[in-house]
Amino acid sequence: MPDSEDGSRHESPGLDRFEMVRRAPSHRLQGAVTDICGFRETMPGHFRAIEYASLTVPLVISFAEPFAIRLGHDPGDNDRFASFAAGLYAGPVVIESFGGACCVQINFSPLGARRFFGRPMSELTDRMVGLDDVLGVEGIALRERLGNAPDWSSRFAIAEAFVADRLATADRTQADIVWAYETIVSTRGRTRISTLAEKLGWSRKHLAGKFSDAIGVGPKTLSRIVRFNHALGLSRQANSAWADIAADCGYADQAHLVREFRDLAGVTPTTVAVR
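All values derive from a computational prediction rather than experimental measurement.

Participant: Quick question: what am I supposed to make of the sheet that holds strand E6 (residues 67-71) here?
Facilitator: Adjacent strands of a sheet pair through backbone hydrogen bonds, lying either parallel or antiparallel. Taken in spatial order, the four strands line up as E4-E9-E6-E7 in an open sheet, and their pairing is antiparallel. The sheet terminates laterally at strand E4 (47-51) and strand E7 (80-81), the two strands that pair on one side only. Across four bridges, E6 lies against strand E9 (residues 93-97) in antiparallel orientation. Paired with Ala 68 across the bridge in E9 is Glu 96.

Participant: Sorry if this is basic, but what is going on with the pairing of E6 here?
Facilitator: Burial analysis of E6 places four of its five residues in the buried class, the great majority of the element. Here two bridges tie E6 to E7, and the two strands are oriented antiparallel to one another. By the bridge assignment, Phe 67 is partnered in E7 with Phe 81.

Participant: Whenever I open this one, the state of the cysteines confuses me. Can you help?
Facilitator: Should the sulfur atoms of two cysteines be covalently bonded, the bond is a disulfide. Under the counting rule described, the total for this entry stands at zero disulfides. In this structure Cys 37 is not part of a disulfide, and its nearest cysteine sulfur, from Cys 103, lies 8.7 Å away. In this model Cys 102 remains outside any disulfide bridge; the closest cysteine sulfur is found in Cys 103, 6.9 Å from its own.

Participant: I keep staring at the nonpolar core and nothing clicks. Help me out?
Facilitator: Generally speaking, soluble globular proteins have nonpolar side chains that are buried together. Ranked by size, the top nonpolar core spans 51 residues in total, and within it Leu 59, Ile 106, Phe 108, Phe 116, Phe 117 and Ile 215 carry the most contacts. At eight residues, the largest contribution of residues to this core is made by helix H3 (residues 152-168). Formed by 18 residues, the second largest nonpolar core is a distinct cluster that contains Tyr 52, Ala 53, Ile 225 and Val 267.

Participant: Please explain the environment of Trp 202 as it appears in this structure.
Facilitator: Tracing the sequence through the fold places Trp 202 in the loop between helix H5 (193-200) and helix H6 (204-214). Looking at Trp 202, the relative accessible area reads 17%, which means it is buried. Excluding anything up to four places from it in sequence, Trp 202 contacts Gln 174, Asp 176, Ile 177, Ala 197, Leu 207 and Lys 210.

Participant: Please explain the environment of Lys 199 as it appears in this structure.
Facilitator: Along the chain, the position of Lys 199 falls in helix H5. In sequence terms Lys 199 and Ala 180 are 19 residues apart; their C-alpha atoms lie 9.5 Å from each other.

Participant: Quick question: what am I supposed to make of the pattern of salt bridges here?
Facilitator: It is possible for side chains of opposite charge to pair when their charged atoms get near one another. Counted by the stated rule, this structure contains 10 salt bridges. Between Glu 19 and Arg 40 there is a salt bridge; the shortest N-O distance is 3.1 Å. Taken together, the residues Glu 19 in strand E2 (residues 18-23) and Arg 40 in strand E3 (residues 33-41) connect sequence positions 21 residues apart. Measuring nitrogen to oxygen at the nearest pair gives 3.4 Å for the salt bridge that ties Arg 224 to Asp 263. A residue pair is termed long-range when its members are at least 10 positions apart, and Arg 224 in helix H7 (residues 219-235) and Asp 263 in helix H9 (residues 254-265) qualify at 39 residues. Taking the relative accessible area as the measure of exposure, Asp 263 reaches 44% and is therefore partly exposed.

Participant: It is not clear to me how the packing of H7 against H9 should be interpreted in this structure. Could you clarify?
Facilitator: The packing of two helices is summarised by the inter-axis angle and the distance between the axes. Relative orientation of the contacting elements H7 and H9 amounts to 105°, with a least axis distance of 11 Å. The angle between the axes of H7 and H9 places the two elements in the roughly perpendicular class. In this structure, H7 uses Arg 224, Ile 225, Arg 227, Phe 228, Ala 231 and Leu 232 to contact H9, whose residues at the interface are Glu 260, Phe 261, Asp 263, Leu 264 and Ala 265. Residue classes in the contact of H7 with H9 are distributed as seven nonpolar, no polar and four charged.

Participant: Please clarify how unusual backbone geometry should be interpreted in this entry.
Facilitator: Excluding glycine, residues mostly carry a negative phi; peptide bonds, for their part, are mostly trans. Although it is not a glycine, Asp 126 adopts a positive phi angle of roughly 60°. Note that Asp 126 resides in the loop between helix H1 (110-117) and strand E11 (128-130). The residue Arg 188 is not glycine, and still its phi comes out positive at about 60°. Tracing the sequence through the fold places Arg 188 in the loop between helix H4 (175-186) and H5. Judged by relative accessible area, which is 46%, Arg 188 ranks as partly exposed.

Participant: How do you make sense of H6 when you look at a structure like this?
Facilitator: An α-helical turn contains 3.6 residues, so any two residues separated by three or four positions project in the same direction. Buried within H6 are the following residues: Leu 207, Phe 211 and Ala 214. Buried residues of H6 fall within an arc of 75° about the axis and therefore sit on the same side. Where the residues of H6 are buried, they touch H1, H4, H5 and H7. A positive phi of about 110° marks Gly 216, the residue just after H6.

Participant: What exactly am I supposed to notice about the packing of aromatic side chains here?
Facilitator: Each aromatic ring pair is characterised by the separation of its centres together with the angle its planes make. Evaluation of the coordinates by the stated rule reveals 11 aromatic pairs. Taking 5.1 Å as the distance between ring centres and 40° as the angle between the ring planes, the aromatic pair formed by Phe 18 and Phe 39 counts as tilted. In this pair, Phe 18 sits in strand E2 while Phe 39 sits in strand E3, placing the two residues 21 residues apart along the sequence. Aromatic pair Phe 108 and Phe 117: ring centres 5.8 Å apart, planes at 55°, arrangement tilted. Given the relative accessible area of 0%, Phe 108 is considered buried. Overall, the relative accessible area of 4% leaves Phe 117 in the buried class. Through a chain of ring-to-ring contacts, three or more aromatic side chains come together here, namely Tyr 52, Phe 228, Trp 242 and Phe 261. The ring of Phe 116 carries Arg 166 above its face, with NZ or CZ at 4.9 Å from the centroid.

Reading guide: rules and limits
- Residues numbered from 1 in each chain as written.
- Predicted model: local features only at pLDDT ≥ 70, side-chain atom pairs only at ≥ 80, totals over all residues.
- Heavy atoms only, no water.
- Pairing = 2+ DSSP bridges.
- Helix = DSSP H or I, 4+ residues; strand = E, 2+ residues; numbered from the N terminus.
- Buried < 20%, exposed > 50% of the residue type's maximum accessible area, 1.4 Å probe, protein only.
- Disulfide = S-S within 2.5 Å.
- Core = buried A, V, L, I, M, F, W, Y, C linked by side-chain atoms within 4.5 Å.
- Contact = heavy atoms within 4.5 Å.
- Salt bridge = Lys/Arg side-chain N within 4 Å of Asp/Glu carboxyl O.
- Axes fitted to C-alpha atoms, helices over the stretch in contact; angles between N-to-C directions.
- Parallel < 35°, antiparallel > 145°, perpendicular 65-115°, else oblique.
- Nonpolar A, V, L, I, M, F, W, Y, C, P; charged D, E, K, R; others polar.
- Arc of directions from axis to C-beta.
- Phe/Tyr/Trp six-rings, centres within 6.5 Å; stacked < 30°, edge-to-face > 60°.
- Lys NZ or Arg CZ within 6 Å of the ring centre and 35° of its normal.

Shown next as structure tokens:
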């Protein structure tokens, strides 16, 4: 389906069990937000999805039924979350829904999330934190405005303006951290951590502490997630061979790649390939 006038794109899920609308961020949010999504389930049922380790820090604002979410395992009865933020997690996230979910999801880059939330990202690492805990009364008011908006375009405009206003008054990220983060991403996780520390004139311990605050995980964990996602992307290309992917991504051997997929996706590479 073509883009609408405001740049939103309606995606076709295939089974017609949910509506997904996605909008790229405007220039005001570039570098901090990767996209904004609207999600609404349109039929009853019990649905399950697994999200692999990524560099996305989501803020989910719900106006309907909560999701059941657990890190690394199937969720239980006490693992219900409606509106929340979640930091980076080096593993799979299991998400279940029950046919009545409706929400806006703002997907931040790690450095963008640090600026937006204005708190050490280690406070969100490996956790889902409620909207009122991360944004206080502002978050509660935002949820009410989004829930009362008449359509997705209106909701996206409200969400984008809210994020832009907070970013406009946020402190800039230290240039050294931006450089180190972008180096790891641009080299697809193959830069040695000792080399980064040496070029910055920092100890590895000091570098890890800076990353914990700005990103939520240390540079080694960040590198693992980046390398895994590069391997995942290569696996989706035609005629890809796992041994070649392991070599291209800097894994010691194919067994090393398999271990990383088990840790970060919860399944083997061959299982990922057939999904």
